[in-house]
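Overview (structure and organization)
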Amino acid sequence: MEESSYKSEDKAEALNNNQGATIYNNSIQKKIFTTACEFLSRRSYSQMELKKKLLYKYADAPEEIEQTISRLVELHYLDDKRYAEDLIRGKTSRKPQGIKSLQFNLARKGFSNEVIQHAISNENIDELTLAKTAALKKLQLLGKFPPAKQKEKLYRFLLSRGFGAATIREIIREYVQ
């Protein structure tokens, strides 16, 4: 664990020394930039998530935080479109979800509607294929139930995953007798 945090501190220092913090005369701005780089060295954030995290730590410096966020975007350390696409790719590969669910989860992370639509269209999501994958996995667990109960449970399950009603009906027609 010790070695892991050391590496993220080194990465943050490298990001910081590259070009970012040198533009700041103000020590609070430099601290905010350094903190932001440390956060980003551990994982990606949306602009809103990072802003909230920085505001929690530096509540008295909202203007400096805005400047830091702008600088991080300029340096391509913070990219909402790329992060949204990565999140979609990860979520659809691990746990198939419908477009509605993806949109909701991305909006919760603070992405704008424009970024959400761009990310979803770039990933070429085939909701029917994702629904089939999720349904086949769930049907393995529902095998002991009668067909009527399977339909009911599968419908609720797919609906909770954010799939549309038309897609769900098609899946049920195809897989449940």
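Scroll up a little and you will see the structure.
Conventions adopted
Residues numbered from 1 in each chain as written. Predicted model: local features only at pLDDT ≥ 70, side-chain atom pairs only at ≥ 80, totals over all residues. Heavy atoms only, no water. Helix = DSSP H or I, 4+ residues; strand = E, 2+ residues; numbered from the N terminus. Contact = heavy atoms within 4.5 Å. Axes fitted to C-alpha atoms, helices over the stretch in contact; angles between N-to-C directions. Parallel < 35°, antiparallel > 145°, perpendicular 65-115°, else oblique. Left-handed = near helix turned anticlockwise from the far one by under 90°. Nonpolar A, V, L, I, M, F, W, Y, C, P; charged D, E, K, R; others polar. Phe/Tyr/Trp six-rings, centres within 6.5 Å; stacked < 30°, edge-to-face > 60°. Buried < 20%, exposed > 50% of the residue type's maximum accessible area, 1.4 Å probe, protein only. Lys NZ or Arg CZ within 6 Å of the ring centre and 35° of its normal.

Structural notes on the environment of Ile65
As for its placement among the helices and strands, Ile65 is situated in helix α4 (residues 62-74). Placed 10 residues apart in sequence, Ile65 and Leu55 show a C-alpha to C-alpha distance of 7.3 Å. In this structure Ile65 touches Ile32, Lys51, Leu54, Leu55 and Tyr58, once residues within four positions along its chain are discounted.

Considerations on the packing of helix α5 (residues 80-94) against helix α7 (residues 113-122)
Their axes nearest at 9 Å, the elements α5 and α7 cross at an angle of 50°. As the angle between them shows, α5 and α7 are arranged oblique. Crossing of α5 over α7 shows right-handed handedness. Contact with α5, carried on its side by Asp80, Lys81, Ala84, Glu85 and Ile88, involves Glu114, Val115, His118, Ala119, Ile120 and Asn122 of α7 and no other residues of that element. The residue inventory of the contact of α5 with α7, partitioned by class, reads 5 nonpolar, 2 polar and 4 charged.

A closer look at the packing of aromatic side chains
What the rule picks out here adds up to 2 aromatic pairs. With a centroid separation of 6.3 Å and an interplanar angle of 55°, the aromatic rings of Phe39 and Tyr45 are classed as tilted. Residue class for Phe39 comes out buried when judged on its relative accessible area of 12%. On the basis of relative accessible area, Tyr45 is assigned to the buried category, the value being 8%. When the ring of Tyr83 is compared with that of Phe111, the centres are 5.7 Å apart and the planes differ by 50°; the resulting orientation is tilted. Taken together, the residues Tyr83 in helix α5 and Phe111 in the loop between α6 (99-108) and α7 connect sequence positions 28 residues apart. Here the guanidinium or amino end of Lys153 rests over the ring plane of Phe145, the centre of that ring lying 4.9 Å away.

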